[in-house]
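Topology and contacts: notes
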Amino acid sequence: MNNPPVIGVLALQGDVREHLIALAAADAVARPVRRPEELAEVDALVIPGGESTTMSKLAVLFGMLEPLRERVRGGMPVYGTCAGMIMLADKLLDGREDQETLGGIDMIVRRNAFGRQNESFEASIDFAGIDGGPVEGVFIRAPWVESVGAEVRVLATYDGHTVAVRQGNVLATSFHPELTGDDRVHAYFVDMVRAGR
Ligand SMILES: NC(=O)CC[C@H](N)C(=O)O
């Protein structure tokens, strides 16, 4: 097997540690990324769950917004969970007025969409491209994808709402696979990164 890919976890805010552990379990070299110099050294990036408004503010404060946008535009593989999905949306509904996203997926995401109905819940999710049965999805004040462009593949839905999507090298889920001890979604992402090298 060739060298394991080096995958960063954006460590401005959110559940960074759980992603580092899940990525290591999926045979990647995982490390936190806070600064542009650290971003430059990784092959791919995970954007964790947390609070997207805070993450967006800290990205501006740490001078990370433009470097992140540039890497995403340049084709770096990225995976965003929950708040991370929000960060990857080209368009956002129910965001804060000054809230910035990186974009990367041609989709409209509604922030806190499930949260209005149910703050937090778990559900079995059939995930296209992942074998071995459904993955357990942990949803915490989760967004859903309201609509997608022609280039976007819908990988999973729950209750009629899109909760996992992929466009090229960019992957996003409304839920948190890093909290379940099941590393198949991270392994799927690591495979995407390997395939792109
Ligand atoms: N678990 C999460 O990441 C929640 C996301 C949060 N509701 C936000 O708007 O960023």
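Preceding this paragraph is the structure being described.
This text gives an overview of the structure that appears in the document. Because the structure is predicted, anything quoted here is derived from the model rather than measured.

With that out of the way, let us pick up the side chain of Thr173. Tracing the backbone shows Thr173 in strand β12 (residues 170-173). At 2.9 Å, the side chain of Thr173 forms a polar contact with the backbone oxygen of Phe175. Residues in contact with Thr173, not counting those within four places in the same chain, are Tyr79, Gly80, Thr81, Cys82, Met85, Phe127, Val163 and Ala164.

What follows deals with the site of the ligand. In the vicinity of the ligand, the contacting residues are Gly49, Gly50, Glu51, Ser52, Cys82, Ala83, Ile86, Arg111, Asn112, Ile140, Arg141 and His176. A distance of 3.1 Å separates an oxygen atom of the ligand from a polar backbone atom of Ala83. The side chain of His176 places a nitrogen or oxygen atom 2.9 Å from a nitrogen atom of the ligand. Here the ligand, which alone exposes 300 Å², has 97% of that area covered by the protein. Tallied by class, the residues present in the shell around the ligand amount to four nonpolar, five polar and three charged.

What follows is about the nonpolar core. Core analysis: the largest hydrophobic core is formed by 34 residues, its most contacted members being Ile7, Ile125, Phe127, Phe139, Leu171 and Phe189. For this core, the secondary-structure elements that each account for two or more residues are β1 (6-10), α1 (16-25), β3 (44-47), β7 (120-125), β8 (135-140), β10 (153-158), β11 (161-167) and α6 (184-195). The leading source of residues in this core is α6, at six residues. Not counting residues up to four positions away in its chain, the partners in contact with Phe127 are Val135, Leu155, Ala156, Ala164, Leu171, Thr173, Phe175 and Val185. Ranked by size, the runner-up nonpolar core spans 31 residues in total, among them Met64, Leu68, Leu102 and Val152.

Moving on to the packing of aromatic side chains. How two aromatic rings sit relative to each other is given by the distance of their centres and the angle of their planes. All told, the structure shown has 10 aromatic pairs when counted by the stated rule. Ring geometry for Tyr79 against Phe189: centres 5.7 Å apart, planes inclined by 45 degrees, an arrangement best described as tilted. Taken together, the positions of Tyr79 in strand β4 (residues 78-81) and Phe189 in helix α6 put the pair 110 residues apart, joining distant regions of the chain. For the pair shown, Tyr79 and Phe189 are each scored as buried. On the basis of an interplanar angle of 35 degrees and a centroid distance of 5.7 Å, the ring pair of Phe139 and Tyr158 is categorised as tilted. With Phe139 in strand β8 and Tyr158 in strand β10, this pair connects stretches of sequence that are 19 residues apart. Ring pairing ties together the aromatic residues Phe114, Phe121, Phe139, Trp144, Tyr158 and Phe175, which thus form one cluster.

What counts, and where the lines are drawn
Residues numbered from 1 in each chain as written. Predicted model: local features only at pLDDT ≥ 70, side-chain atom pairs only at ≥ 80, totals over all residues. Heavy atoms only, no water. Helix = DSSP H or I, 4+ residues; strand = E, 2+ residues; numbered from the N terminus. Polar contact = N/O pair within 3.5 Å; in protein donor to acceptor, adjacent residues only side chain to side chain. Contact = heavy atoms within 4.5 Å. Near = heavy atom within 4 Å. Areas by Shrake-Rupley, 256 points an atom, 1.4 Å probe, with all protein chains shown as cover. Nonpolar A, V, L, I, M, F, W, Y, C, P; charged D, E, K, R; others polar. Core = buried A, V, L, I, M, F, W, Y, C linked by side-chain atoms within 4.5 Å. Buried < 20%, exposed > 50% of the residue type's maximum accessible area, 1.4 Å probe, protein only. Phe/Tyr/Trp six-rings, centres within 6.5 Å; stacked < 30°, edge-to-face > 60°.

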